[in-house]
Amino acid sequence: MKTYFRFLFFTIVVASILSLFVMEISVKNFMRFIPPKKNTRSSTGDQKNSTEKSWFQPVGDVNESYVYSAFYDNRDTPVIRIIAILRDDLTPGVFRCVSHRKAEQRVFYPTVLEYIPEPKWGYKYRSGMIICKLANSSNPPEIISVVSSSTLDTEPLGNPSNYLHVQKDTILQRNFTRCTPPLYEFHDKMALIQMMETDLMFGMEMFIMYDFRDSTVDDVFRYYQRNGVLKVQQWNLPIKPSDIYYYGQLAHVHDCLYRNMHQSKYVLFADVDEVVVSPLFKTWHSLTDKNFQNKNCAAASFTSAFFPTFFNSTTKDFTGRRDAMKYSMTYLLKTTHTRLIPNRSKVLVKPKLVYYMDVHKVAKFYSKAYHKCSVSTKEALLHHYRSKYLLDMRTPYAEENTMHTLSERLVPNIIKTFSNL
């Protein structure tokens, strides 16, 4: 009897083990047909407000070319515009675009290389666009790669060294977006918070920031990401910063321009230490309603003036002065500005009406019918809060106290942000 039960127990154990083994094999085979879950987390770890990941990928050619992002543009003949960093001496036919519609099917497109207009600075690398010409606009590819034409002439195409997701958003999501240059080891939390809170109070809806090197403001990034008003793009520059103008500024400017071409009605390009202040208009809506009345106005230009932060603080009283002193709110304390500097202006543009940007102006509009509209300094002034001396910081000096009229709302908002970090 005991032998029977031992045999029965042994049989049950063996059957259970075999069942688990078969089940494991079945699950593994089933999982092969389930696509992996896409990682939608942003570089700062905030999933809710993540942005489409972009990073510089090599073309794999002898010219050391790098591509960053790709955008579908159907304003004229449909094309895909690829933002790139390129050697300064490349010939027009050096690249080919190839899409990957299916694993066994690749489609090649006629390709044009255009350098983004810039002065002859003499750097080894320049910002540029690789433009893939599509046959029609009905079915643009989801994934695109850039390959070297010389490689294709000598050997079959293997696996490309870059794969770019093509952004094809065509739905307007907001009215106002601000783009800032790459933050390089940036540490001034107060400067960042003052800028963002001032713009938010004025009606800014989204900020796109480019983080070049690890900064100590990640907690500020996370706070504004949680509030749904900030997206951070990692700017993993693949070359030495000294080999290109200002960390590839023109490349990121055009990435932000085309990233928002269909998503935002207006885009402001300004540095993190700059803010547009108006004594007449309390919102971006009221300013644009006035200055974009002409349908051919595609960009509003704001004259700049330095507000040196090493100047003495104002002695004037204003609401919240004590807290402004406690938190070193330079926007409210530093009210003396230098002479006006028109050639350092920054612009608010309608991205759909722009092809190429300069740092301080539009380089090329979508059509010759469109033009820039200058905003008078009585309507708005670009405050540039600078901590280091420059030759442009010249007399005549003047006092500008418009920020004091905003302090009743601005000071509590800044303190609230600090308390929530």
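Everything numeric here is computed off the predicted structure, so don't read it as measured data.

1. Here we look at the pattern of salt bridges
Between side chains of opposite charge, pairing is possible as soon as their charged atoms come close.
Now for step 1: Counting across every chain of the model gives 14 salt bridges.
Now for step 2: In this structure, Asp199 and Arg178 form a salt bridge, with 2.8 Å as the shortest nitrogen-oxygen distance. Highlighted residues: Asp199 in helix α3 (residues 189-202) and Arg178 in strand β10 (residues 174-183), separated in sequence by 21 residues. The exposure classification of Asp199 matches that of Arg178, with both residues buried.
Now for step 3: In this structure, Glu379 engages Lys290 in a salt bridge whose closest nitrogen and oxygen atoms are separated by 2.9 Å. Placement of the pair is Glu379 in the loop between β20 (371-375) and β21 (381-386) and Lys290 in helix α6 (residues 284-291), with a sequence separation of 89 residues.
Now for step 4: Through salt bridges with shared partners, one network takes in Asp73, Arg75 and Arg81.

2. Regarding a nonpolar patch on the surface
Now for step 1: On the surface, Phe310, Tyr389 and Leu391 cluster together into a nonpolar patch covering about 360 Å² of accessible area.
Now for step 2: By secondary structure assignment, the location of Tyr389 is in the loop between β21 and β22 (398-399).

3. So, helix α9 (residues 407-420)
Now for step 1: End to end, α9 covers 20 Å across 14 residues, agreeing with the expected 20 Å (1.5 Å per residue, within 8%).
Now for step 2: Buried residues of α9: Ser407, Leu410, Val411, Ile414 and Thr417, and no others. The buried side chains of α9 occupy one side of the element, clustering within an arc of 130° when seen end-on. Along α9, exposed side chains directed more than 90 degrees from the buried face belong to Glu408, Lys416 and Ser419.
Now for step 3: Residues of α9 that are buried in the fold lie against α3, α4 (218-226), α7 (321-326) and α8 (330-333).

4. Comments concerning the side chain of Ser127
Now for step 1: By secondary structure assignment, the location of Ser127 is in strand β7 (residues 125-133).
Now for step 2: Look at Ser127 and you get buried, because its relative accessible area is 2%.
Now for step 3: Within the structure, the side chain of Ser127 is placed 3.1 Å from the backbone nitrogen of Ala251, a separation counted as a polar contact.
Now for step 4: What Ser127 contacts, discounting residues up to four positions off in sequence, is Ala84, Tyr115, Ile116, Glu118, Ile244, Gly248, Leu250 and Ala251.

5. Side note on the layout of surface pockets
Leftover empty space is mapped by rolling, across the atoms, a probe with the size of a water molecule.
Now for step 1: A volume near 960 Å³ is recorded for the largest pocket.
Now for step 2: As for the largest pocket, its lining consists of 32 residues, of which Tyr246, Val272, Asp273, His384 and Arg386 are closest to the centre.
Now for step 3: Among the secondary structure elements, those contributing two or more residues to the lining of the largest pocket are β10, α3, α8, β17 (340-349) and β21.
Now for step 4: Of the residues contributing to the lining of the largest pocket, the split by class is 15 nonpolar, 9 polar and 8 charged.

6. Here's the deal with the packing of aromatic side chains
Now for step 1: Under the defined criterion, the tally for this structure stands at 24 aromatic pairs.
Now for step 2: Judged by centre distance (4.9 Å) and plane angle (70°), the rings of Phe56 and Trp235 are edge-to-face. With Phe56 in the loop between α1 (2-31) and β1 (57-58) and Trp235 in the loop between β12 (230-234) and α5 (249-259), this pair connects stretches of sequence that are 179 residues apart. The same class applies to Phe56 and to Trp235, which are both buried.
Now for step 3: Taken together, a centroid distance of 3.9 Å and an interplanar angle of 15° make the contact between Trp121 and Tyr245 stacked. Of this pair, Trp121 sits in the loop between β6 (111-115) and β7 while Tyr245 sits in the loop between β12 and α5, placing them 124 residues apart in sequence.

7. What to know about the confidence of the model for the protein
Now for step 1: In this model, the protein carries a mean pLDDT of 86, and residues with pLDDT of at least 70 account for 85%.
Now for step 2: In the model, residues 1-5 has pLDDT below 50 throughout and makes 0 contacts with residues more than four positions away in sequence or in other chains.
Now for step 3: Low pLDDT (under 50) marks residues 16-51, which in the prediction has 31 contacts with non-local residues, meaning those over four places away or in another chain.

8. Here's the deal with empty space enclosed by the protein
Now for step 1: Counting across every chain of the model gives 3 cavities of 30 Å³ or more.
Now for step 2: Estimated volume of the largest cavity: approximately 110 Å³.
Now for step 3: Around the largest cavity sit Thr198, Met201, Phe202, Val276, Val277, Ser278, Phe281, Lys282, Leu406 and Arg409, which together line it.
Now for step 4: For the lining of the largest cavity, the elements supplying multiple residues, two or more each, are α3 and β14 (274-277).
Now for step 5: Tallying contributions element by element places α3 first for the lining of the largest cavity, with 3 residues.
Now for step 6: The residue inventory of the lining of the largest cavity, partitioned by class, reads 6 nonpolar, 2 polar and 2 charged.
Now for step 7: Considered as a void within the structure, the second largest cavity measures approximately 60 Å³ in volume.

9. Some remarks on the environment of Glu197
Now for step 1: Tracing the chain through its elements places Glu197 in helix α3.
Now for step 2: Residues Glu197 and Asn413 lie 216 residues apart in sequence; the distance between their C-alpha atoms is 6.8 Å.
Now for step 3: The contacts of Glu197, once residues within four sequence positions are left out, are Tyr224, Leu410, Asn413, Ile414 and Thr417.

10. What about unusual backbone geometry?
Now for step 1: Omega for the bond connecting Thr395 with Pro396 falls within 30 degrees of zero, at 5°, which places this linkage in the cis form.
Now for step 2: Assignment of secondary structure puts Pro396 in the loop between β21 and β22.
Now for step 3: In the Ramachandran plot, Glu64 falls in the positive-phi region, its phi being about 55° despite a non-glycine side chain.
Now for step 4: Even without being a glycine, Ser328 presents a positive backbone phi close to 55°.
Now for step 5: Assignment of secondary structure puts Ser328 in the loop between α7 and α8.

11. Overview of the nonpolar core
Now for step 1: The biggest cluster of nonpolar side chains holds 56 residues, and the ones touching the most others in it are Leu192, Met209, Trp284 and Phe302.
Now for step 2: A total of 8 residues in this core trace back to one element, the largest contributor, which is α3.
Now for step 3: Look past the residues within four positions of Met209 in its chain and what remains in contact with it is Thr180, Leu183, Leu192, Met195, Met196, Phe221, Leu230, Lys231, Val232 and Gln233.
Now for step 4: In this structure, Ile208, Ala251, Val349 and Phe365 belong to the second largest nonpolar core, which totals 42 residues.

How each quantity is defined
- Residues numbered from 1 in each chain as written.
- Predicted model: local features only at pLDDT ≥ 70, side-chain atom pairs only at ≥ 80, totals over all residues.
- Heavy atoms only, no water.
- Salt bridge = Lys/Arg side-chain N within 4 Å of Asp/Glu carboxyl O.
- Helix = DSSP H or I, 4+ residues; strand = E, 2+ residues; numbered from the N terminus.
- Buried < 20%, exposed > 50% of the residue type's maximum accessible area, 1.4 Å probe, protein only.
- Patch = residues over 30% accessible without salt bridge, like charges linked within 9 Å, V, L, I, M, F, W, Y side chains within 5 Å.
- Areas by Shrake-Rupley, 256 points an atom, 1.4 Å probe, with all protein chains shown as cover.
- Expected span 1.5 Å × (residues − 1).
- Arc of directions from axis to C-beta.
- Contact = heavy atoms within 4.5 Å.
- Polar contact = N/O pair within 3.5 Å; in protein donor to acceptor, adjacent residues only side chain to side chain.
- 1 Å grid on protein atoms, 1.4 Å probe; cavity = no way out; pocket = protein on both sides within 12 Å on 5 of 7 lines; lining within 4 Å.
- Points joined across faces, edges and corners; volume = space filled by probe spheres on them.
- Nonpolar A, V, L, I, M, F, W, Y, C, P; charged D, E, K, R; others polar.
- Phe/Tyr/Trp six-rings, centres within 6.5 Å; stacked < 30°, edge-to-face > 60°.
- pLDDT = per-residue confidence, 0-100.
- Core = buried A, V, L, I, M, F, W, Y, C linked by side-chain atoms within 4.5 Å.

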